[in-house]
Amino acid sequence: MGSGAGYHLVSTATRALRDSGFTNAFLWVLDGNDRAISFYERNGWHDSGATKLDDFDGDELRERRFERAL
C-alpha cells in the first residue's frame with residue numbers, strides 16, 4: 001500500500017478498456033472498506049448507489065457499485 005502499484009494497475013485497466021471501445025466501467029467495493037472507497041474516489045470513480053449482497057461462506061457481505069466514464 002502506498003507504493004503506487006494500485007494506481008498503475010487501475011490506470012492500465014481503464015486505458016485498456018477505453019482502447020477496446022468501452023465508454024464506461026464499473027467495479028464492486030465491499031461496504032465499509034473506506035480505504036478502497038477513498039482510493040477509487042480520488043481516481044475518478046463515483047458511487048452509483050447500487051448495492052448487492054453476496055454470501056461468503058455463510059456470511060452476508062454488502063457491496064457498493066462504483067463507476068466512471070472512460
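Note: the structure precedes this text.
Residues numbered from 1 in each chain as written. Predicted model: local features only at pLDDT ≥ 70, side-chain atom pairs only at ≥ 80, totals over all residues. Heavy atoms only, no water.

Draft legend 1. Expanded view of the nonpolar core. Counting 11 residues, the largest nonpolar core is built from Val10, Ala25, Leu27, Val29, Ala36, Ile37, Phe39, Tyr40, Trp45, Phe66 and Leu70. Residues within four places of valine 29 in sequence aside, it is in contact with Ala36, Ile37, Tyr40, Arg62, Glu63, Arg64 and Phe66. (Core = buried A, V, L, I, M, F, W, Y, C linked by side-chain atoms within 4.5 Å. Buried < 20%, exposed > 50% of the residue type's maximum accessible area, 1.4 Å probe, protein only. Contact = heavy atoms within 4.5 Å.)

Draft legend 2. The environment of histidine 8, seen in detail. Checked against the element boundaries, histidine 8 lands in helix α1 (residues 5-19). Its relative accessible area of 51% is what places histidine 8 among the exposed residues. Separated by 50 residues in sequence, histidine 8 and glycine 58 place their C-alpha atoms 34 Å apart. (Helix = DSSP H or I, 4+ residues; strand = E, 2+ residues; numbered from the N terminus.)

Draft legend 3. The arrangement of unusual backbone geometry in detail. Residues other than glycine seldom take positive phi values, yet aspartate 57 does so here, at roughly 55°. Within the secondary structure, aspartate 57 is located in the loop between β2 (46-56) and β3 (59-69).

Draft legend 4. Structural context of the pairing of β3. The pairing of strand β1 (residues 24-30) with β3 spans 7 bridges and is classified as antiparallel. From the neighbouring strand, leucine 27 faces β3, where its bridge partner is phenylalanine 66. Pairing analysis gives 8 bridges linking β2 to β3, with the strands arranged antiparallel. For phenylalanine 56, the partnering residue across the bridge sits in β3 and is aspartate 59. Connecting β2 to the next strand, β3, in antiparallel fashion are 2 residues, including aspartate 57 with a positive phi near 55°. (Pairing = 2+ DSSP bridges.)

Draft legend 5. Summary view of a nonpolar patch on the surface. The grouping of Leu30, Phe56 and Leu61 at the surface amounts to a nonpolar patch, some 280 Å² of accessible area in total. Mapped onto the fold, leucine 30 is located in strand β1. Its relative accessible area of 40% is what places leucine 30 among the partly exposed residues. (Patch = residues over 30% accessible without salt bridge, like charges linked within 9 Å, V, L, I, M, F, W, Y side chains within 5 Å. Areas by Shrake-Rupley, 256 points an atom, 1.4 Å probe, with all protein chains shown as cover. Salt bridge = Lys/Arg side-chain N within 4 Å of Asp/Glu carboxyl O.)

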